[in-house]
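Given next are the chains, with one letter for each unit.
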Amino acid sequence: MFDMIETIETKKTGQELSEEQIRGFVSGVTEGSIPDYQTSALLMAICLNGMTRRETFILTDAMLHSGQTMDLSDIKGIKVDKHSTGGVGDKTSLIVAPIAAACGVPIAKMSGRGLGFTGGTIDKMESIPGFRVQLSPEEFLHAVEYAGMSIVGQTQNVAPADKKLYALRDVTATVNNISLIASSIMSKKLASGSDAIVLDVKCGQGSFNKTQQAAEDLGRLMVDIGTDAGKKVVAVITDMNQPLGCAVGNSLEVMEAIDTLKGKGPADMEELALVLSGWMVYCGKRADSPEEGRAKAEDALRSGRALDVLRRFIEAQGGDPAVIENYALFKQPLLKAELKAEKGGFVTDIAADGIGLASQHLGAGRKTKEDPIDLSAGILLLKKVGDRIEEGESLAILYSDCEEKLAEGLKEAAAAYTVGAEAPETAPLIREIIE
Ligand code: URA
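Predicted model, so just to flag it, every value in this text is computed and none were measured.

Each value, and the rule that gives it
- Every chain is numbered independently, its residues counted from 1 as its sequence is written.
- Since the coordinates come from a predicted model, pLDDT governs what is reported: local features require at least 70, and pairs of side-chain atoms require 80 or more to be given and counted, while whole-chain, interface and lining totals use all residues.
- With hydrogens and water stripped out, all remaining heavy atoms of the structure feed into the side-chain values.
- In this document the domain limits rely on a domain assignment from an automatic tool or a database.
- Throughout, the term near means that a residue has one or more heavy atoms lying within 4 Å of the molecule or strand in question.
- Polar contact criterion, stated in full: a pair of N or O atoms within 3.5 Å, where within protein one must be able to donate a hydrogen and the other to accept it, and residues adjacent in sequence count only if both atoms are side-chain atoms.
- Using a 1.4 Å probe, the Shrake-Rupley method yields the accessible areas, and only the shown protein chains count as cover for residues.
- Only runs of H or I of at least four residues qualify as helices and only runs of E of at least two qualify as strands under DSSP, and these elements are numbered from the N terminus.
- As a working rule, the residues Ala, Val, Leu, Ile, Met, Phe, Trp, Tyr, Cys and Pro are called nonpolar, Asp, Glu, Lys and Arg charged, and the rest polar, with Gly in that last group.
- Salt bridge criterion: a side-chain nitrogen from Lys or Arg within 4 Å of a carboxyl oxygen from Asp or Glu.
- Burial classes follow relative accessibility: with a 1.4 Å probe on protein chains only, a residue under 20% of its type's maximum area counts as buried, one over 50% as exposed, and anything between as partly exposed.

Brief notes about the domain arrangement of the protein
Buried accessible area, meaning the area lost when the parts come together, often serves as the stated size of an interface.
Part 1 of the argument: Partitioning the protein into domains gives domain 1 (4-50), domain 2 (80-157 + 174-324) and domain 3 (332-420).
Part 2 of the argument: Taking only C-alpha atoms, the centre of domain 1 and the centre of domain 2 are 33 Å apart.

What about the site of the ligand?
Part 1 of the argument: Surrounding the ligand, one finds Tyr166, Arg169, Ile181, Ser184, Ile185, Lys188 and Phe208.
Part 2 of the argument: Arg169 is positioned such that a nitrogen or oxygen atom in its side chain is 2.9 Å from an oxygen atom of the ligand.
Part 3 of the argument: The contact in question runs from a nitrogen atom of the ligand to an N or O atom on the side chain of Ser184, over 2.6 Å.
Part 4 of the argument: Isolated, the ligand exposes 240 Å² of accessible area, and the fraction of that covered by the protein chains is 87%.
Part 5 of the argument: Those elements that place two or more of their residues in the shell around the ligand are α8 (160-171) and α9 (178-191).
Part 6 of the argument: Top element by residues in the shell around the ligand is α9. It accounts for 4 residues.
Part 7 of the argument: Considered class by class, the residues forming the shell around the ligand number 4 nonpolar, 1 polar and 2 charged.

Here we look at the pattern of salt bridges
Part 1 of the argument: Applying the stated criterion across every chain, the model contains 35 salt bridges.
Part 2 of the argument: Note that Arg23 and Glu19 form a salt bridge whose closest N and O atoms lie 2.8 Å from each other. With Arg23 and Glu19 both in helix α2 (residues 19-31) and 4 residues apart, the pair spans about one turn of that helix.
Part 3 of the argument: Among the residues examined, Glu19 registers a relative accessible area of 37% and is labelled partly exposed.
Part 4 of the argument: Lys202 is the partner of Asp90 in a salt bridge, and the nearest nitrogen-oxygen pair spans 3.7 Å. Of this pair, Asp90 sits in the loop between β1 (80-84) and α5 (93-102) while Lys202 sits in strand β4 (residues 196-203), placing them 112 residues apart in sequence.
Part 5 of the argument: On the accessibility criterion, Asp90 (8% relative accessible area) is buried.

Shown next as structure tokens:
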């Protein structure tokens, strides 16, 4: 018989929870029969005393079965999903999904909205005029058939236990525990029904994994959870010390994703997209090795086939595909301001979290889930780490609809940039791959 007080006591004294205790806890949270104070007490005990691999697997499985699981069996082929642990300027899904789909890998993906200084794919796609992120199951299947890919908002009923736990973790300082993070991410990914998952696990100051070791440990645990559930999972550990690419903010990021699919994207953005989509093509069994996967991904990009997939994807979800040729069709910001360098030298650091915060203050991000966002607000970084800069030259352009927000954003962005006399050593973008 499940007993919540005994369950808290077990974890408080550092012992392993039984399967009955974990499943009893998750069903109580889902039904709403466990009060928040008891749930919070257990979450804190987990943070302080940790969970074993076995406990983490059971927690993931219980959360994954707390709601609806997607059945993608009507879609032929090996479906591959991709997930990023969240970063600043991370528009990668909008690039890798069309590339992988152009290589014959069906993508039927659910994504989230942004919160705090990290953006969300769903918000970015909504900056395309007419684009719909909520589709009926029939429309979703039709989009995958027509375009080779579809990305929709997460339905309310996927892993509802995680939704409740995450909301409590957020306000009880219990987010940052490897077992809670891994089970939260993997329960949603496994419930989404794809056969394989490529994880982009970020590390650095713009990520909750501050060190590479923390990111590797999280990546390894998520790969193990996925493998245990019978899925092919790969974790690519990547740098998130400076923002990815040059665009931060919803419509700005969509434009940069389109530029990248035209072969005119920033070097770091293109490189990350090719590495991740290469692995997606390999995991989708459209290549015999990750190297061959990358070669196929490159061909899909250079030939324009991936851009064609993006066009059909936008069309299938009700958006105006003319945005691909005409960026003036995106909502235009009312105001802009340039951030000028106060001294010459080299850009030695761009704090990703600082730029994320600046973009949020310009109107591009939310502080709470209910906040409205300005889809045209954001920052275009003209200089990245390692670039030379003269005194008075522009480091970045900031966009907003509001004078006050622009001033606040400028202050934050200025604090995020460091200019020094010497060229810095740049950190590698791809740190490790865990299979
Ligand atoms: N993202 C999630 O979905 N869950 C976590 O716990 C952390 C990041």
